[in-house]
Structures are given as C-alpha cells and as structure tokens.
Protein chains: 2
Amino acid sequence: MEKRKRWSLEDVHQYLSEHDIRISLYRLKIFEYLINERTHPTAEEIYNKLKKEIPSLSPATVYNTLRFFLEKKIVQLVNVEKNEARYDATLSWHGHLKCLSCGRVFDIHIENLKLSGLEGFQVYEKHLDLRGLCPGCAKIKNIKEVEYD
Amino acid sequence: MEKRKRWSLEDVHQYLSEHDIRISLYRLKIFEYLINERTHPTAEEIYNKLKKEIPSLSPATVYNTLRFFLEKKIVQLVNVEKNEARYDATLSWHGHLKCLSCGRVFDIHIENLKLSGLEGFQVYEKHLDLRGLCPGCAKIKNIKEVEYD
DNA sequence: TCTAAATTTATAATGAATATAATTTCGAAG
DNA sequence: CTTCGAAATTATATTCATTATAAATTTAGA
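Computed from a predicted model, the values in this text were never measured in an experiment.

A. The arrangement of the sheet that holds strand 3 (residues 95-99) of chain A in detail. Taken together, six strands build a closed barrel; the order of strands is 3(A)-4(A)-4(B)-3(B)-5(B)-5(A) and the barrel is mixed. Across the sheet, the mean angle separating the axes of adjacent strands is 40 degrees when strand polarity is ignored. Sheet topology note: the strand 5 (residues 122-133) of chain A/strand 5 (residues 122-133) of chain B ladder contains eleven bridges and is antiparallel. In the sheet register, Leu133 of chain A faces strand 5 of chain B, and the bridge partner there is Gln122 of chain B.

B. The arrangement of the pairing of strand 2 (residues 84-88) of chain A in detail. Residues and elements named next belong to chain A. Burial analysis of strand 2 places four of its five residues in the buried class, which makes it a mostly covered element. Pairing geometry for strand 1 (residues 76-81) and strand 2, over four bridges, is antiparallel. Paired with Gln76 across the bridge in strand 2 is Asp88. Between strand 1 and the antiparallel strand that follows it, strand 2, lie two residues; Asn83 among them carries a positive phi value of about 55 degrees.

C. How the structure looks around the side chain of Thr65 of chain B. Tracing the backbone shows Thr65 of chain B in helix 4 (residues 59-71). Among all residues touching Thr65 of chain B, those that are not within four sequence positions of it are Arg27 and Ile30 of chain B.

D. Structural detail: the protein's contact with DNA strand C. Near DNA strand C there are 17 residues, and of these Ile23 of chain A together with Ser24, Arg27, Ser56 and Thr61 of chain B occur at the shortest range. The sugar and phosphate moieties of DNA strand C supply 92% of its atoms located within 4 Å of the protein. Ile23 of chain A is positioned such that a nitrogen or oxygen atom in its backbone is 3.0 Å from a phosphate oxygen of DNA strand C. A distance of 2.7 Å is found between a phosphate oxygen of DNA strand C and a side-chain nitrogen or oxygen belonging to Arg27 of chain B. Only helix 4 (59-71) of chain A together with helix 2 (25-37) and helix 4 of chain B provide two or more residues apiece to the surface near DNA strand C.

E. Expanded view of the protein's contact with DNA strand D. DNA strand D sits among 17 residues. The nearest are Ser24, Arg27, Ser56 and Thr61 of chain A together with Tyr63 of chain B. Among atoms of DNA strand D positioned within 4 Å of the protein, sugar and phosphate together represent 92%. At 3.5 Å, a side-chain N or O of Tyr26 of chain A approaches a phosphate oxygen of DNA strand D. Here a phosphate oxygen of DNA strand D sits 3.3 Å away from a polar atom, N or O, in the main chain of Ser58 of chain A.

What counts, and where the lines are drawn
Residues numbered from 1 in each chain as written. Chains lettered and ligands numbered in written order. Predicted model: local features only at pLDDT ≥ 70, side-chain atom pairs only at ≥ 80, totals over all residues. Heavy atoms only, no water. Pairing = 2+ DSSP bridges. Helix = DSSP H or I, 4+ residues; strand = E, 2+ residues; numbered from the N terminus. Axes fitted to C-alpha atoms, helices over the stretch in contact; angles between N-to-C directions. Buried < 20%, exposed > 50% of the residue type's maximum accessible area, 1.4 Å probe, protein only. Contact = heavy atoms within 4.5 Å. Near = heavy atom within 4 Å. Polar contact = N/O pair within 3.5 Å; in protein donor to acceptor, adjacent residues only side chain to side chain.

Written out as structure tokens, the structure is:
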C-alpha cells in the first residue's frame, strides 16, 4: 500500500463537513485516529487509545460514531474475524490479512480480480479477507520449527 | 457453481469416518444438511430445520458440532454478515454474495485473483465476500424504481 | 453385552453491540 | 455574541449469538 500524508485535524474537519457530517471533538478524533493510524482497530481499541487524551469519552460514543460513519459511507467494516468488528477509513479497493499470531490486520494490494456468473446480480460491496501469518511471525514460526524438528 | 449429486447418509458416514470423526446421528444429519442444501445456513437455521425431524436436538449441539467441523476443517465459516456466522461444507475456492434484500447467500465463481506485496506472508485462508442484490431482488427493485420515479 | 470415553443436553454465563432516556454540546438565527 | 432547538453524548440497561459447565446419554471397541 502506498504511503500517505498524515491528516491534520483541519483536514478531517473539512472532510467530514464535505460529507455533511456535523463536527464534534469526538468525531474529529475518532476519524483522525482511523485515517492516520490505519491499524484497522476495533471499537474497544479506539476507546482505550483515545480515552487517555479525552477522559470524558464513553464506549457508547465510539460504537455510535463508528456506526454513523458506516452509514455515511466514510468508513468500511473489516470483518476478517468473527465477533470482532474492525474499521477502515481508507475506501480504495484493497484486501485485508489478519495475522493469526500477532492479531494485526494488514492491507493487501489486489492486482486483479475476475468473477463470473454474476449476470443479474447487483454488487454493492466486495471484501477480500485473508488469514495467515505476517512476515515477522512467519519468520519466528519457521525458526521454531527448525529448532524442534 | 457446478451441480453435484446429493449425498446419501452413507456418503456422509464414510466422509466423516475418513476425516477421523466419530459418528453420531446429529453429526450425520447436520453435515448432510450442509452439504446437500448448500444455502450457507446459520446455526439457528440448521437447528430450526432439523428439530422437526429430530425433536431431541438441542441448539448447543448444533453450535458445538459446527465448531467441531470447523476445527476438523471439513466446513468453512462464511463471514459475509457481521454477527451472523454461516457455514459451508464445500471447501473449493469460491466467493459468497449475500443478497441484502432476501438475505440468501449465493456461491460466486472466481475466475482469477492476483495479489501482490505478499512476500514473507503465509496465507492460510482466503475469503471473498460480496454484498448486493440477487437477480430476483434486483429485478423487483428496478420495477419499483420505475414505478415511483 | 459391557465399559470407558466421547457426545449431547439443559442451563448459566459471556461479551460485543444496541437501545433508552437524561444531559450536554453544537451551530444557525437573531 | 447570545439564545435555543436539534443533534450528539453519556450512563445504564438490555439484547442476542455464542460459549462454558456439569450432568446424563450414547458410541464403539473389548
């Protein structure tokens, strides 16, 4: 995935306004976190991170705001793990890989996807979700296998 | 997706045995339902369907058995909808489309998928999940749009 | 047929997410 | 800049799919 410039709070402010979203401190900070950190966090992770800065933040606000961002289509749901909703503010077409060892979710570049038999269907969303090991964890696993073989 | 012959209970019995799975009536019936109906049902749907035939069946057994089939890797999880685990006994590489109108999940044939930037990663599972409308619902929706425009 | 191990059941518990109702904040009109 | 109705946020209760537990039943080999 290509590198991108960090968004300032002003950038986020303008972006939300352009999408007809009323501004609040919480919305700015939650979106800023999603767009800049790009770790596809869960609602709980966002809450734990932001409450250090904003102690008045409540978990319900994080859940509500993320649901609202989904409705407004400025955030997409990452469903790579059952019972663990993650969120991504990058809307370009890409896949996700969850490392089953460290739990992190990585963006995956899709060169090409060709489907067939979709005549008559209408496709609104496409999600490509992989599960496996990230390079760091794969290396550790290989070392361990050599050790114990 | 290609048509396949309906599996008999004997076929299921042999298949489970080949995968070192102890036989029980419940396991036979649950797997038979998954492999023959191919509607990617939820645990609840399987329970509601099978309890008519087998009144002694309990919901916990359906959940336990599906989890067990996942561990044994004879069934795959379909995660196309948050908070709605669905199950598929067909292990060949294909995608799923959930119709957001009628709720049914369809198999989608994948002609080609090319990813890049995966150097160093190990990929254990790939899931392609689409959301949209099936042909029947898309047609109804188009008719309604014409009516009301 | 018998027996130990595995499976199934009924029930309670879990936990992420949502609903509710009271409180606070936002932002447009004056 | 102030006011005020609408919208956002909070704390709390609730929901609901799924998992855990412990007792009862079933399976499959001896």
